[in-house]
Structure formats: C-alpha cells, structure tokens
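Residue strings, one per chain:
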Amino acid sequence: MSRVSMIAATLAPLLMAASCSIGSSTDGPTSTPSPSPTGSEAGFTFAKTAHGSFSQPWAEAFLPGTKLLFITEKAGTMKFVDTANGRLGTVTGLPNVDYGGQGGLGDVAFLPGEEAKGTTARTIYLSWVEAGPSDTRGAVVGRGTLDCQQADECAISKLAVIWRQTPKVSGRGHYSHRIAFSPDGKYLFVTSGDRQKFDPAQDTTNTLGSVVRLNLDGTAAAGNPLEAKGSPSNQIWSWGHRNLLGVDFDAQGRLWEVEHGPAGGDELNLVRKGQNYGWPVRSNGDNYDGSDIPDHTADDGFAKPAISWTPVIAPGNMTFYSGDLFPGLKGDLLIAGLSSEAIVRVRIDGESAREVTRYPMDNRIRSVIEGPDGALWVLEDGSDGRLLELRPQ
C-alpha cells in the first residue's frame, strides 16, 4: 500500500462527520453533534451550531470588548453578527476591490486596546486586492474608523491605504495579506505572498514572498533586518515564503505562520527576524508538473519548518487557543483546513511542532478563531459558507 493510501485509510473514519442543516442568514441557529476525534490527545468533543451562511467568506474578527463578529466576503462586502442574539448587520464604507481568482476583500483586524475607551468608534484594518496598470494587481492594507451606532449597520470612514505589496504583477493568486498585531500593540505584521511568481521570494528588493513588519501607520518599523537598504526592503522581517494564509503569536510572544506548499510541503514556520525560509529554492513538496524541488536539509542555509505536511492540509488561517472552555486545548494551534476539510490541531514543543489530531468538518474550512468566552467560531469556504459556533459536547 502506498504512503498516500495508508494515510487515507487511517483518516477515513475521521472524515465521516455528521452534517448540519444550512440556514439562511436570517434563520435561527441549528445544532448537531460532531463526531469524536480518535487519539489519546483529542481531549474533547464539540457541538456545532450554525448561524447562517455567507458568500465566499474569507476572514472574521470580534470587535474587542463586544460580542460583534465581523466577516469579510471576498467579492467586497462585509457583515457582522451579534453573537449574543443572532442579529445580522451590514457594513458600509468598504473599498473597491479587484475581485477574481484568489483576490478580493481579505483580512479584518481591530487595533488592540481601544475597548477601554468606551466608545463606539474603533480603528479597523482591512486588506484587499487593488488593481494596477496594464492588468497588474497587488494586495494593500488600509486603516479607517468603524462606527457602530446603529443596531443593524456599521460604517467605516476615513479608510486610507497605508501599505502596498510591491510590485504589482499579473495574475490573481497568492496575495496572502493576513494581518497580525504584535503582543505589545506597537507593530503591524502583514503576510505578502509570492504571487505565484516564484523567484521574487528570494529577492529582497521587493516585498513578494515575505512577512513585513510595520508601524501602525504602515511605515517601515525601525530595527527591521534590511532597513539600511531603503524602501521597500526596510519593511521586510523574513522572506523566502510562498502563500502565507495564517499568522498568529503564541503565548510566549513568538510569531508563527502557516503557508501552502506546491504539490505537498505545506509548512508551519516560527518566524524569526532576518530569516530566509527557502522558497522556491527549497520545499518539502514538488512542482505541480512533477519536477523535483530539493527538500530542506540541515546544511542548506535556510530556516526549516517546524512541521510540514504531505499530503497537504491546505491551510485557510490559524489561531493559538488561549481560553479555558475546551479542556487541554490551551496553547495549542488550530489550523483551518481547506482540502483537508478539518480543523488541524498542532502541539508546539519549543521550536518544533507535531500534529495532535484532526477534527473533521465535512466541508472546506476557511477560518477558525476564538471567541470572547473561549468558543470557536468557524467559517466554511465557498458561495454558501456557514458560520459555525463550536462548544464542548
């Protein structure tokens, strides 16, 4: 039996997940139990509660200090759900986006610490794809003010682009454009994919295939490893990446990212200042045409993944769990799986990692985040992707 067949046979019992009824965005929630994952470290089972569906949802974030969950839709719209009562609302003031392929409206994030102000106006960060000249395009990050004075509508004002992926290129893939704030709230980290152009990920005169570290206004942060080279090199924190769709800080304040490999070789990386992660010179996967890419080796001079996956999991996003609602889960990493149709649980051990188990979801999963009380909020991928609330069974 081949290695792929053996893995498929092992995972087959896990993939027989119970289905949930799909409700419209105005229906009440529906609930069904999830099957129990196997393995001694599974730790819990959960119940799924569906809270309506969304059109190509891409990212989600709670407004800090509230139970309002904001969800971006790739074509350029954003909605919010009051998770206390199920009320659905709309958001106005969104940018024009270049929609197509993997592009459109992307991530949403809120400036930490503002919940103490006791005001309805908060600083919001969005990422999206912007068109350029001659059929080129690239990711951008914008900052504005979100005001939610009305029960069913929030408005974004003063939205302005503060960072642009450099350069804009042709094609509609590998934008990445995930957003994370440093634990001290002083810096903005943005993932910038290689745009399916390969070699630019090794060229530090551009920001493709990199993680950038910025001030909150989008300017290059002092102390970046290549600041002496000027713009845009002075934005770069790490490089040699492919398509980075998950990024988060662990409890120790260390930055991690998960990225898509080619045919095999999805990888989780501990992101270190000034490190080169090897793409496209090294990968634990192969090119889609079957040609070989040399695997990472101890002496290749590149930073190594903490864990890699072949067959791939196709990550959508990731989050470190910090709550107490699920026994034994605190500190573990949860990765949304697209082709794997699962939530992949990873245990961090120093600078290495191992997969603990998978929670089958019976659908492509675009996003998983932690809610204010420790519940998990999950977005399915696709034109009718459900919002699911996961709680202990």
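Residues numbered from 1 in each chain as written. Predicted model: local features only at pLDDT ≥ 70, side-chain atom pairs only at ≥ 80, totals over all residues. Heavy atoms only, no water.

### Some thoughts on the pairing of strand β16 (residues 255–260)
Logical step 1: Burial of β16 is extensive: six of the six residues sit out of reach of the surface.
Logical step 2: Because side chains alternate across β16, one face comprises the buried residues Leu255, Glu257 and Glu259, and the other comprises Trp256, Val258 and His260, equally buried.
Logical step 3: Pairing analysis gives six bridges linking strand β15 (residues 243–249) to β16, with the strands arranged antiparallel. Directly across from Phe249, in β16, lies its bridge partner Leu255.
Logical step 4: Linking β15 to β16, which pair antiparallel, is a turn of five residues; within it Gly253 sits at a positive phi near 85°.
Logical step 5: One ladder, built from four bridges, connects β16 with strand β17 (residues 266–270); its direction is antiparallel. The residue of β17 that forms the bridge with Glu259 is Glu267.
Logical step 6: In sequence, β16 turns back onto β17 through a hairpin of five residues, with Gly264 there showing a positive phi of about 95°. (Buried < 20%, exposed > 50% of the residue type's maximum accessible area, 1.4 Å probe, protein only. Helix = DSSP H or I, 4+ residues; strand = E, 2+ residues; numbered from the N terminus. Pairing = 2+ DSSP bridges.)

### Some words on the layout of surface pockets
Logical step 1: In this model, the largest pocket occupies a volume close to 1,200 Å³.
Logical step 2: Around the largest pocket, the lining is made up of 42 residues, and of these Ala61, Phe181, Asp248, Thr319 and Glu370 lie nearest the centre.
Logical step 3: Looking at the lining of the largest pocket, the elements with two or more residues in it are β3 (57–62), β7 (105–110), β11 (176–181), β15, β19 (315–320) and β23 (365–370).
Logical step 4: In terms of residues, the lining of the largest pocket owes the most to one element, β15, which gives five residues.
Logical step 5: Looking at the lining of the largest pocket residue by residue, the class counts come to 22 nonpolar, eleven polar and nine charged. (1 Å grid on protein atoms, 1.4 Å probe; cavity = no way out; pocket = protein on both sides within 12 Å on 5 of 7 lines; lining within 4 Å. Points joined across faces, edges and corners; volume = space filled by probe spheres on them. Nonpolar A, V, L, I, M, F, W, Y, C, P; charged D, E, K, R; others polar.)

### Here we look at the environment of Gly331
Logical step 1: Within the secondary structure, Gly331 is located in the loop between β19 and β20 (333–337).
Logical step 2: What Gly331 contacts, discounting residues up to four positions off in sequence, is Phe320 and Tyr321. (Contact = heavy atoms within 4.5 Å.)

### A few points about the environment of Leu376
Logical step 1: By the element assignment, Leu376 lies in strand β24 (residues 376–380).
Logical step 2: You can call Leu376 buried: its relative accessible area is 3%.
Logical step 3: Separated by twelve residues in sequence, Leu376 and Leu388 place their C-alpha atoms 8.1 Å apart.
Logical step 4: Dropping the residues within four chain positions of it, Leu376 is found in contact with Tyr321, Phe326, Leu334, Val368, Ile369, Glu370, Leu388, Glu389 and Leu390.

### Side note on the sheet that holds strand β22 (residues 352–360)
Logical step 1: In space, the four strands of this open sheet follow the order β19-β20-β21-β22, with antiparallel pairing throughout. At either margin of the open sheet sits one strand with a lone partner, and together these are β19 and β22. Put simply, the sheet's adjacent strands are angled 25° from each other on average, direction ignored.
Logical step 2: Sheet topology note: the β20/strand β21 (residues 342–349) ladder contains four bridges and is antiparallel. (Axes fitted to C-alpha atoms, helices over the stretch in contact; angles between N-to-C directions.)

### Overview of the nonpolar core
Logical step 1: Counting residues in hydrophobic clusters, the biggest one holds 21 residues, and the most contacted among them are Phe70, Met78, Val91, Val108, Phe110, Ile124 and Leu146.
Logical step 2: The residues touching Val108, leaving out its near neighbours within four places in the chain, are Ala59, Glu60, Ala61, Phe70, Thr72, Met78, Ile124, Tyr125 and Leu126. (Core = buried A, V, L, I, M, F, W, Y, C linked by side-chain atoms within 4.5 Å.)

### So, empty space enclosed by the protein
Summary: where empty space remains is shown by rolling a probe the size of a single water molecule over the atoms.
Logical step 1: One pass over the full model with this rule turns up one cavity of 30 Å³ or more.
Logical step 2: Roughly 60 Å³ of internal volume is contained in the largest cavity.
Logical step 3: Lining the largest cavity we find Gly240, Arg242, Glu259, His260, Gly261, Gly265, Glu267, Tyr277, Trp279, Arg282 and Ser283.
Logical step 4: Taken together, the residues that form the lining of the largest cavity break down as two nonpolar, five polar and four charged.

### Here's the deal with the confidence of the model for the chain
Logical step 1: Averaged over every residue, the pLDDT of the chain is 90; residues scoring 70 or more account for 88%.
Logical step 2: No element of the chain has a lower mean pLDDT than helix α1 (residues 3–11), which averages 36, and none a higher one than strand β14 (residues 236–239), which averages 99.
Logical step 3: Segment residues 1–40 is flagged for pLDDT under 50; beyond a separation of four residues in sequence, or across chains, it makes 66 contacts in the model. (pLDDT = per-residue confidence, 0-100.)

### Some remarks on the sheet that holds β7
Logical step 1: With mixed pairing, eight strands are arranged side by side in an open sheet as β3-β4-β5-β6-β10-β9-β8-β7. The sheet is open, and its two borders are formed by β3 and β7, each paired with just one other strand. Ignoring strand direction, the axes of neighbouring strands in this sheet form an average angle of 30°.

### Observations concerning the pattern of salt bridges
Logical step 1: Counted according to the given criterion, the structure contains 20 salt bridges.
Logical step 2: A salt bridge links Asp98 to Arg137; its shortest N-O distance comes to 3.0 Å. With Asp98 in the loop between β6 (87–92) and β7 and Arg137 in strand β9 (residues 137–150), this pair connects stretches of sequence that are 39 residues apart.
Logical step 3: Asp332 is the partner of Arg345 in a salt bridge, and the nearest nitrogen-oxygen pair spans 2.8 Å. Of this pair, Arg345 sits in strand β21 while Asp332 sits in the loop between β19 and β20, and the two are 13 residues apart along the sequence. As far as burial versus exposure is concerned, Arg345 and Asp332 are alike and both buried.
Logical step 4: Through salt bridges that share partners, Asp98, Asp135, Arg137 and Arg172 make up one connected network. (Salt bridge = Lys/Arg side-chain N within 4 Å of Asp/Glu carboxyl O.)

### Digging into the state of the cysteines
Logical step 1: Applying the stated rule across the entire model yields one disulfide.
Logical step 2: With a sulfur-sulfur separation of 2.0 Å, Cys148 is cross-linked through a disulfide to Cys154. Judged by the sign of its S-S torsion, about 115°, the cystine formed by Cys148 and Cys154 is right-handed.
Logical step 3: Residue classification places Cys148 among the buried residues on the basis of a relative accessible area of 17%. (Disulfide = S-S within 2.5 Å.)

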